[in-house]
4 protein chains.
Amino acid sequence: MNSFGNIFRVTSFGESHGIAIGGVIDGMPAGVPIDIEAVQHQLNRRRPGQSELTTQRSETDSVEFLSGIHNGVSTGTPIGFIIRNCDHRPEDYSDLSSAFRPNHADYTYYAKYGIRDARGGGRSSARETAIRVVAGAIALQALKILGINIWAYTSGIGKYKITKHYSKLNPMDVDSNPVRCPDEAKASRMMSYISKLKESGNTVGGTISCIISGVPAGLGEPVGNKLQAELAAAMMSINAAKGFEYGLGFKSAEMLGDEVLDLFTTDSMQCVHTISNFSGGIQGGISNGEDIYFKVAFKPVATLLMDIPTINDSLEPIVLRPRGRHDSCVVPRAVPVVEAMAAITIFDAYLRNKSCTFKI
Amino acid sequence: MNSFGNIFRVTSFGESHGIAIGGVIDGMPAGVPIDIEAVQHQLNRRRPGQSELTTQRSETDSVEFLSGIHNGVSTGTPIGFIIRNCDHRPEDYSDLSSAFRPNHADYTYYAKYGIRDARGGGRSSARETAIRVVAGAIALQALKILGINIWAYTSGIGKYKITKHYSKLNPMDVDSNPVRCPDEAKASRMMSYISKLKESGNTVGGTISCIISGVPAGLGEPVGNKLQAELAAAMMSINAAKGFEYGLGFKSAEMLGDEVLDLFTTDSMQCVHTISNFSGGIQGGISNGEDIYFKVAFKPVATLLMDIPTINDSLEPIVLRPRGRHDSCVVPRAVPVVEAMAAITIFDAYLRNKSCTFKI
Amino acid sequence: MNSFGNIFRVTSFGESHGIAIGGVIDGMPAGVPIDIEAVQHQLNRRRPGQSELTTQRSETDSVEFLSGIHNGVSTGTPIGFIIRNCDHRPEDYSDLSSAFRPNHADYTYYAKYGIRDARGGGRSSARETAIRVVAGAIALQALKILGINIWAYTSGIGKYKITKHYSKLNPMDVDSNPVRCPDEAKASRMMSYISKLKESGNTVGGTISCIISGVPAGLGEPVGNKLQAELAAAMMSINAAKGFEYGLGFKSAEMLGDEVLDLFTTDSMQCVHTISNFSGGIQGGISNGEDIYFKVAFKPVATLLMDIPTINDSLEPIVLRPRGRHDSCVVPRAVPVVEAMAAITIFDAYLRNKSCTFKI
Amino acid sequence: MNSFGNIFRVTSFGESHGIAIGGVIDGMPAGVPIDIEAVQHQLNRRRPGQSELTTQRSETDSVEFLSGIHNGVSTGTPIGFIIRNCDHRPEDYSDLSSAFRPNHADYTYYAKYGIRDARGGGRSSARETAIRVVAGAIALQALKILGINIWAYTSGIGKYKITKHYSKLNPMDVDSNPVRCPDEAKASRMMSYISKLKESGNTVGGTISCIISGVPAGLGEPVGNKLQAELAAAMMSINAAKGFEYGLGFKSAEMLGDEVLDLFTTDSMQCVHTISNFSGGIQGGISNGEDIYFKVAFKPVATLLMDIPTINDSLEPIVLRPRGRHDSCVVPRAVPVVEAMAAITIFDAYLRNKSCTFKI
């Protein structure tokens, strides 16, 4: 299906080269002030053509809200919205209409649905994530009022990785460079690496790290819908995502029990905390009040500006020669998408948790 | 909630030290032969006390089916079942009844529900995964008839990791040693490592790899419910799981686009295949007919046979002195759980996919 | 929430006096030809201003599809669409912005959401049903290919009721008069009755009967999601619906067991049928292959062209003086809505049922 | 599927002549005191053999809770329970194993699942409703704490109907006679009518009325999941139910707009109320704080103690000669089932509504 979330549920529609893409947010509580410019800001962070590093398609990605917001406040009814595809030029993709592009979803869609929609990547295009960014931006605003903050950053491009702990980084620095890496030294190496790749027509993968702070203890469900499971599903639903880990992640598989214990303490307000946070803010599927942090791995963009041998839907061998605009590394643009999916997941868990307690 | 799956839906109940745990499988199609001994076999692979390496609690974990199977065949109605907790001795845990054990879910459950259930880990115990093993074993049988096979194995314990590609390993070798590692040389190193840890009271993490072969192209959904997202959620819902990756996973974040291309080919039957399978059998959230393979990271068991300083629910500092039976490494026992969760996920996707196509 | 259906799921958004209303159809199988004019035809049957009998608001209710249909065929991806509110004049409703109108949802929305959306009935307006008509019209087309036909008609307006069995009526006659009553004699009495009411500013209720033929045996679920329960929920979700009955309905409560037995027979093709069909085509929640027929009761329209004493949201007594356009009887316009909700329900059950059977 | 509810979700399993039937209640909030005897009391009101009027099968219907309740209080984890089928004698039904009984679900199950489960009605037996009574009894207890009360009564048996308004009846009188009719004069006529029918082997239908008081304004959803739609689905999912109406129901279809207006007023506490309550406590799908009342129609029991001509699954004509124990009228036993389904629906709506509001 095309939805995310249970109580706060986002349903997405639209092909990248149709008239418009759009979405519906169901379950948004009433009375939350919505800053539409802040929504547009997140969209702008995702859209193509932001810098030399990314594709030059001049999509404006301007969101138009159709319902559910009145006088700047959510009404409790579904929020419908569309983003027009201003720059859609189906002919650009005409030579692709019968090709199965390697590492794209052309073949799997065809295998599933039995038909080809010749308009570019259609539904499988990462353009669809713009819908999630809109919904996520609204969730982010609601979470902020609740004291929950979410920020993500590029933590790796190819071999270049941030080694500093996130507490040594400043969220304000993320957008200080086009690669969205808040470690300035690493950022410049990443950028020159990507620029060089761009010339060769090649692409590279990377990782995004995300931190969620201010989450109250108690969000998440104990067996199904564990908080880390919901986050994992949300992240693995982003185009090109290949891995997810939270807390110490894969590293914890190599460690000893006494090395990863998060011992308890209480603060001056008699609130329970842990001294360390190897666990990443979740125990038994439920948040414990510490920072939730996780990392997502992205594979290199599949479209290369090279001759690519492949087959078409008549199973004939062909050679693809992609031209024009393309991203050498999509990771910087995926940063707001990671934030959006995290926000959708956490706000949904927050609303769901309200049903867990019985108070008169 | 306490369910997995949408069409093939498993709902789990029961505390580790109550009378029984149990489950309901809803959406099992009618007419599938069910081999109850094969179900019990998977349960036996999960249960404690299988070897020197794991806990000596003599739980028999015997499943009792109450409905939904008649004359050895599924009837289409829900399959209800229970597993009695033969060995439940609540007093064993009496000193734990007020403690918040580090890296356990005691505190988060208390924060969420506002009450303590004094009976051991209660619902957060990994014992709950026995329910999933039952449901997964039934899904495995249905999948086998469809030509889909699933197998998992211990691919790492601490620093000891299998480096061979899975195609060089034999599924038949998984159970040839208690650590469930089909690489004999690595297995013996892992085993002596765990034995040594056991003496010290410490624990260690590890990884499990899983391969799903014979999946037809077309399973999975394009935006929500992508096949890798569902698998990630299923795996991250297993106790102690900290990371998930499929295909090249985190490694792909360091690679170039032209290094990971899975070029298309056709076989003698004019079926579409890829020459390599870096992608791990899924494109755009939909299976492409190649092997699906993934890896799950598990943190070390939280219960250490050491003095552990912590607090209780009156926020007083206490020292825990766990005694008796315990697992130094839970990874070998988690192998059938990984298989079960994979089977539930894939069978659910298979059944759901039947609704995607419109044929008279 | 704002969705209908499970596999074939329609999500609706939009307020009656916003920019547009719209919807998303998720789960539409690929490869079904979509006749957009036939969709518009059903919308036209629902829209206001069709005849002297109904409101004169000149809404054109023109549907604009944004995704999911390519070259006249469904692609398997979500079908997004909008209907612009051409004739929206918020000022018409300005005096209502603080009133709680009796028998409207003004107060209950306010009690639920804590805010007023001053634009007319907003979300609670029956205009929302246009979205369901679009989705239902698409389901109707898919069902037709499967040999399933659905038709509804006005079976009662006030005291005027059709007494003939539906088999004595012709579906072709439904639209031969504005009241959508296929019994010509009854239709003219209904029409003159409504015309008289219109002069007095009063309104009247009525009933709609619906027949679904060609449903294969086996649709519906045995306990939750019984076919009659899903149909009841679908019908009771239509604005102003107050009652639902199928088969003999309330009459069967007065009858004896031997009077209502539907004895079995087999036809020349060795297909099982029942001689009578008192049961209305469903046994144990599952269709039996006979006609499914049911009746829905609608209360009179709440807006009367009379002085109505009420209170406003400051709890002050006020007198409402509705003016201008209004429906004396909404039943004829609800006929395509009943057909739409029936189609959504049956097509959803059809698709779900495909997951019940296990065939290699 | 075999579940009811969304947040408060009950999943049912078990065949009437297997070892046991059972259920899982997921989403029960923690901290609610559970009176197990009160649960058993509702089960006793449903079970067969309560009086001369109903079947003499001596099923004890004793509920055994397996999880989710600790020291008499809900823990927030799923409540699993079973009811053993003490009196199961499969041989009683051996002659039925191949028959398609008229007005039973034998044929439709066979059409759906392709197999016969020879053990009596199996899953389609009304015995399954015992599971709902358990879950409903728990919901009733939670609702009572919230000030919400639910009671139902037999309002009609054949032609004998209560004409008094429910406000003239005393909930305490419902169980003062075996027919569960709180109008003593009508009750004795109903009872003698049923006794006479019992001799002839015939059966009769009836109606049950239900009143829900103390519901706060704001429960229910505006488009999908309207409160009346959920109630209708819950009631129509009860075996033998053929119709549902709330408020004035079908009668409102014959009435004028000015006859059914529920004018607003405020009480001494400045709370909004309506002077009359023709609407039945719901406007626009959302409760308005007045009593919710509705009526359900039940067809006569299908099993008659008469020779019944039918066919078997080889499509051969046969004559059934049911013997022994049977109900001439199942309505009195369905009273606690109606209460249970109403309680499940309202408690689910209550919990869901907690997610609608955004308060820090």
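Preceding block: the structure.
Residues numbered from 1 in each chain as written. Chains lettered and ligands numbered in written order. Predicted model: local features only at pLDDT ≥ 70, side-chain atom pairs only at ≥ 80, totals over all residues. Heavy atoms only, no water.

(A) Representation of the sheet that holds strand β3 (residues 20-26) of chain A. Residue and element names in this part refer to chain A. Strand order across the open sheet formed by 5 strands is β1-β2-β3-β7-β4, with antiparallel pairing between neighbours. The outermost strands of the open sheet, each flanked by one partner alone, are β1 (3-4) and β4 (63-65). Relative to strand β7 (residues 79-84), β4 is paired through 3 bridges, and the arrangement is antiparallel. In the strand pairing of β7, Val 63 is matched with Ile 83. In the packing of helix α1 (residues 36-46) onto the sheet, contacts are made with β4 and β7, and the angle to β4 comes to roughly 150°. (Pairing = 2+ DSSP bridges. Helix = DSSP H or I, 4+ residues; strand = E, 2+ residues; numbered from the N terminus. Contact = heavy atoms within 4.5 Å. Axes fitted to C-alpha atoms, helices over the stretch in contact; angles between N-to-C directions.)

(B) Fine view of the interface of chain C and chain D. Facing the 96 residues of chain C at the interface are 96 residues of chain D. When the two sides are added together, the surface that chain C and chain D hide from each other amounts to roughly 7,500 Å², 62% of it contributed by carbon and sulfur. Inspection of the chain C/chain D interface yields 6 salt bridges. Where Lys 159 of chain D meets Glu 254 of chain C, a salt bridge forms, and the shortest distance between an N and an O atom there is 3.5 Å. Counting across the interface, chain C meets chain D through 41 residue pairs in polar contact (both at pLDDT 80 or more). As paired elements, strand β12 (residues 241-246) of chain C and strand β12 (residues 241-246) of chain D share 3 bridges and run antiparallel to each other. In the strand pairing of β12 of chain D, Phe 244 of chain C is matched with Phe 244 of chain D. (Buried area = accessible area lost by both parts, 1.4 Å probe. Salt bridge = Lys/Arg side-chain N within 4 Å of Asp/Glu carboxyl O. Polar contact = N/O pair within 3.5 Å; in protein donor to acceptor, adjacent residues only side chain to side chain.)

(C) Structural view of the packing of aromatic side chains. Taken as a whole and judged by the stated rule, the model has 50 aromatic pairs over all chains. Each ring, one from Phe 264 of chain A and one from Tyr 107 of chain B, has its centre 5.8 Å from the other, and the planes form 70°; the classification is edge-to-face. Of this pair, Phe 264 of chain A sits in strand β13 (residues 264-266) while Tyr 107 of chain B is found in helix α2 (residues 106-113), placing the two residues in two different chains. Accessibility assignment for this pair places Phe 264 of chain A and Tyr 107 of chain B in one class, buried. Here a set of aromatic residues connected by ring pairs shows up, and it is made of Phe 100, Tyr 107 and Tyr 110 of chain A together with Phe 264 of chain B. Sitting above the plane of the Tyr 246 of chain C ring, Lys 242 of chain D keeps its charged end 3.8 Å from the centroid. (Phe/Tyr/Trp six-rings, centres within 6.5 Å; stacked < 30°, edge-to-face > 60°. Buried < 20%, exposed > 50% of the residue type's maximum accessible area, 1.4 Å probe, protein only. Lys NZ or Arg CZ within 6 Å of the ring centre and 35° of its normal.)

(D) Structural detail: the sheet that holds strand β17 (residues 292-298) of chain D. Pairing in this open sheet of 10 strands is antiparallel, and the strands run β10(C)-β9(C)-β11(C)-β17(C)-β12(C)-β12(D)-β17(D)-β11(D)-β9(D)-β10(D) from one edge to the other. Whereas interior strands pair on both sides, the edge strands pair on one side only; in this sheet they are β10 (160-161) of chain C together with β10 (160-161) of chain D. Across 7 bridges, strand β11 (residues 206-213) of chain C lies against strand β17 (residues 292-298) of chain C in antiparallel orientation. Bridged to Gly 206 of chain C within β17 of chain C is Phe 298 of chain C. Helix-sheet contacts for helix α4 (residues 184-200) of chain D involve β9 (149-157) and β10 of chain D, and the interaxial angle to β9 of chain D is about 55°.

(E) Molecular detail of the pairing of strand β18 (residues 308-312) of chain B. Residue and element names in this part refer to chain B. Among the 5 residues in β18, 4 count as buried, and that is most of the element. Taken together, the 2 bridges between strand β8 (residues 99-100) and β18 define a ladder with antiparallel strand orientation. Looking at β18, one finds that Phe 100 is bridged to Ile 311. In this structure, β18 lies alongside strand β19 (residues 317-320), joined through 4 bridges in antiparallel fashion. The residue of β19 that forms the bridge with Pro 309 is Val 319. Connecting β18 to the next strand, β19, in antiparallel fashion are 4 residues, including Leu 315 with a positive phi near 65°.

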